[in-house]
There are 2 protein chains.
Amino acid sequence: MPKSNQASQSNTVKTLQVIQTEVQNINKIALSVDCVIFGFDENKLKVLLIRSDLKKYHGKWSLLGDLVFPNEDLDAAAYRILKQRTGLSDVYLEQVHTFGKVSRHPAGRVVSVAYYSLINVQHHKLNILENELHWHDVKSVNDMAFDHQQIFDTCLQQLQKRVQEHPLGFNLLPKKFSLRELQNLYEAILDIKMDRRNFRKKFFAMDFLTDINEMEQDVAHRPGRLYKFDFDKYEKKKKKMIGIDF
Amino acid sequence: MPKSNQASQSNTVKTLQVIQTEVQNINKIALSVDCVIFGFDENKLKVLLIRSDLKKYHGKWSLLGDLVFPNEDLDAAAYRILKQRTGLSDVYLEQVHTFGKVSRHPAGRVVSVAYYSLINVQHHKLNILENELHWHDVKSVNDMAFDHQQIFDTCLQQLQKRVQEHPLGFNLLPKKFSLRELQNLYEAILDIKMDRRNFRKKFFAMDFLTDINEMEQDVAHRPGRLYKFDFDKYEKKKKKMIGIDF
DNA sequence: TATTTAATGTGTAAAATAAACACATTAAAC
DNA sequence: GTTTAATGTGTTTATTTTACACATTAAATA
């Protein structure tokens, strides 16, 4: 048990003045936000990427990000990026992890806070500048610029875990959806096949899908019923629950 | 559906030069690490806190933290703080969340990355400077300085969730422990009572406890068998698993 | 308008997991 | 030697999860 127990004796507590000096004059670092923006289209989970223009990463794709302003809340910076890139304001957004290796960015020391967001692709389609931004199938994402592959992988894993604990998926669907669409979404996110009857049973048992008495239109087969997610009902139910499953 | 779809047209991709200028000259922010250091003693979950010396927060307790140096990896800063405060090097450490509200710190704009760590209290007891550092029962922690109460709450919740998915708890115990100690630990972390027979059955079924054929000493009742956690066995087992439970 | 197509809508049985529960045994303290 | 306070051990029940098949519907087509 080799425990070196000599704690550094610079254990003095810093005064407010010392801290202020450090905060104002030294030890400052550029801070950025990178967003993994997920969408769902053609029964596939997609991610919105931008072409990197840095020579070192020519032709590679990167996440959407920007530096955080000194007078801007961290979450606000993430929302700003989403608004700029998709035109959407009311977006599901979740912080995942902060990446802080000294040499992770070619422009110098930049610590980046990763968020993922879930958007309904139908709502923003017009806002893509075609040559720069592109929706990629998550399965074909590899070899991104900087450490963005690692950031992307981390966010996708987080999404896969979260979507099994909380009803996030609805943010990726239209307001009205069929159970088949919902199941396709879960199968795309988790990259698995699910039993159709058990899937239905499970979601009906949760009891926050509202049957809106409408049917799918323009499908070349028997149309399915349409539902919407009852957010209020879910919130009430959530308060009664102990565990984290939904 | 009021969706304002005018995406900002400042959509131009920044050149490396522009980014470098921003990174070097403007938009820099002080970055800190705050550690929620958990320990386990007297069958209670404890957290190591330091007395705040700032007038504004006189008498309140705060987490152990410091600014990140510009040439220091983020994780390295967290390990540095732990080494300074506890004298321990090989510590379980996990990043939880980054807190970035503009006005969260009285010394100016400081974004803080929160980590929690799990240490064996027996290993470091000598290193506490008595008047400044103190082990608090987590149940009595409230009203901390700055936004540290929120950071603490977030980290405790994260620990409670993680400990049900992965075998972290062993980091809080001596190398050799009885099943009663292990159960006490889980009950303290999760703040619940568990059935003793089911608890044993569950851990034996996991099959990474090694019976070392020793018994407890100096207990005023029938002594229990001692076990150790077989890390290698767990790693092998983990690779075969699909889900997140252990 | 009859037939084909491709999906929807529905229930039950088996398997796996989790929860509830009691008594004989042991070493130390008295 | 008796008391004390814990350890060690299995079975039954309830709950949750999984596996699985066929009649129905609307559109498309012949």
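Since we're looking at a predicted model, the values are computed, not measured.

Residue and element names in this part refer to chain B. For strand β2 (residues 44–51), the tally of buried residues reaches six of eight residues, placing the bulk of the element in the interior. With antiparallel pairing between neighbouring strands as the criterion, strand β1 (residues 28–41) and β2 make up a hairpin whose turn holds two residues, including Glu 42 at a positive phi of roughly 55°. When β2 meets strand β7 (residues 133–137), the two strands line up antiparallel, connected through five bridges. Considered in β7, the bridge of Ile 50 is made with Leu 133.

Moving on, we come to the packing of helix α4 (residues 179–190) of chain A against helix α5 (residues 196–206) of chain A. All names here are of chain A. Between α4 and α5, the shortest axis-to-axis distance is 11 Å and the interhelical angle comes to 105°. With respect to α5, the axis of α4 lies roughly perpendicular. Residues Leu 179, Arg 180, Leu 182, Gln 183 and Tyr 186 of α4 pack against Arg 196, Phe 199, Arg 200, Phe 203 and Phe 204 of α5. Residues of the contact of α4 with α5, tallied by class, amount to six nonpolar, one polar and three charged.

All right, on to the packing of aromatic side chains then. Counted under the stated rule, the structure contains 28 aromatic pairs over all chains. Residues Phe 208 of chain A and Phe 229 of chain A carry aromatic rings whose centres are separated by 5.2 Å and whose planes lie at 85° to one another, so their mutual orientation is edge-to-face. Here Phe 208 of chain A is found in the loop between α5 and β9 (209–215), whereas its partner Phe 229 of chain A is found in strand β10 (residues 225–229), with 21 residues between them in sequence. Note on accessibility: Phe 208 of chain A and Phe 229 of chain A belong to one class, buried. Measuring from centroid to centroid gives 5.9 Å for Tyr 186 of chain B and Phe 199 of chain B, while their planes differ by 65°, and the two rings are edge-to-face. Here Tyr 186 of chain B, found in helix α4 (residues 179–190), pairs with Phe 199 of chain B, found in helix α5 (residues 196–206); they are 13 residues apart in sequence, far enough to count as distant. The residues Tyr 186 of chain B and Phe 199 of chain B share a single accessibility class, namely buried.

This brings us to the protein's contact with DNA strand D. The immediate surroundings of DNA strand D are formed by 17 residues, with Arg 222 of chain A together with Arg 180, Arg 200, Arg 222 and Arg 225 of chain B found nearest. Here the atoms of DNA strand D within 4 Å of the protein split so that 39% fall in sugar or phosphate, with bases taking the remainder. A distance of 3.2 Å separates a base nitrogen of DNA strand D from a polar atom in the side chain of Arg 197 of chain A. Residue Arg 200 of chain B places a side-chain N or O atom 2.4 Å away from a phosphate oxygen belonging to DNA strand D.

The next thing to look at is a positive patch on the surface. Residues and elements named next belong to chain A. A surface patch of like charges, here positive, comprises Arg 180, Arg 196, Arg 197, Arg 200, Lys 201 and Arg 222. Among the elements that make up the positive patch, the one with the highest residue count is α5 (four residues). Along the chain, Arg 180 turns up in helix α4.

All names here are of chain A. On the basis of which strands lie adjacent, the open sheet formed by three strands has the order β8-β10-β9 and antiparallel pairing. Edge positions in the open sheet fall to β8 (177–178) and β9, since each of these has one partner strand only. Strand direction decides the pairing type here: β9 and β10, joined by four bridges, are antiparallel. Note that in β10 the partner of Asp 211 across the bridge is Tyr 227.

In this section: the confidence of the model for chain A. All names here are of chain A. Averaged over every residue, the pLDDT of chain A is 87; the share at 70 or more is 84%. Confidence drops under a pLDDT of 50 for residues 1–11, and excluding neighbours within four residues, the segment shows 24 contacts in the predicted structure. Among the prediction metrics, the complex's ipTM stands at 0.90, with pTM recorded as 0.90.

As a further point, take the state of the cysteines. All names here are of chain A. Applying the stated criterion across every chain yields a total of zero disulfides over all chains. Cys 35 supplies the cysteine sulfur nearest to Cys 155, a cysteine that is in no disulfide, at a spacing of 8.8 Å. Judged by relative accessible area, Cys 155 falls into the buried class, the value being 0%.

The rules behind these values
- Residues numbered from 1 in each chain as written.
- Chains lettered and ligands numbered in written order.
- Predicted model: local features only at pLDDT ≥ 70, side-chain atom pairs only at ≥ 80, totals over all residues.
- Heavy atoms only, no water.
- Buried < 20%, exposed > 50% of the residue type's maximum accessible area, 1.4 Å probe, protein only.
- Helix = DSSP H or I, 4+ residues; strand = E, 2+ residues; numbered from the N terminus.
- Pairing = 2+ DSSP bridges.
- Axes fitted to C-alpha atoms, helices over the stretch in contact; angles between N-to-C directions.
- Parallel < 35°, antiparallel > 145°, perpendicular 65-115°, else oblique.
- Contact = heavy atoms within 4.5 Å.
- Nonpolar A, V, L, I, M, F, W, Y, C, P; charged D, E, K, R; others polar.
- Phe/Tyr/Trp six-rings, centres within 6.5 Å; stacked < 30°, edge-to-face > 60°.
- Near = heavy atom within 4 Å.
- Polar contact = N/O pair within 3.5 Å; in protein donor to acceptor, adjacent residues only side chain to side chain.
- Patch = residues over 30% accessible without salt bridge, like charges linked within 9 Å, V, L, I, M, F, W, Y side chains within 5 Å.
- Areas by Shrake-Rupley, 256 points an atom, 1.4 Å probe, with all protein chains shown as cover.
- Salt bridge = Lys/Arg side-chain N within 4 Å of Asp/Glu carboxyl O.
- Lys, Arg positive; Asp, Glu negative; His and termini not counted.
- Charge placed at Lys NZ, Arg CZ, Asp CG, Glu CD.
- pLDDT = per-residue confidence, 0-100.
- Disulfide = S-S within 2.5 Å.

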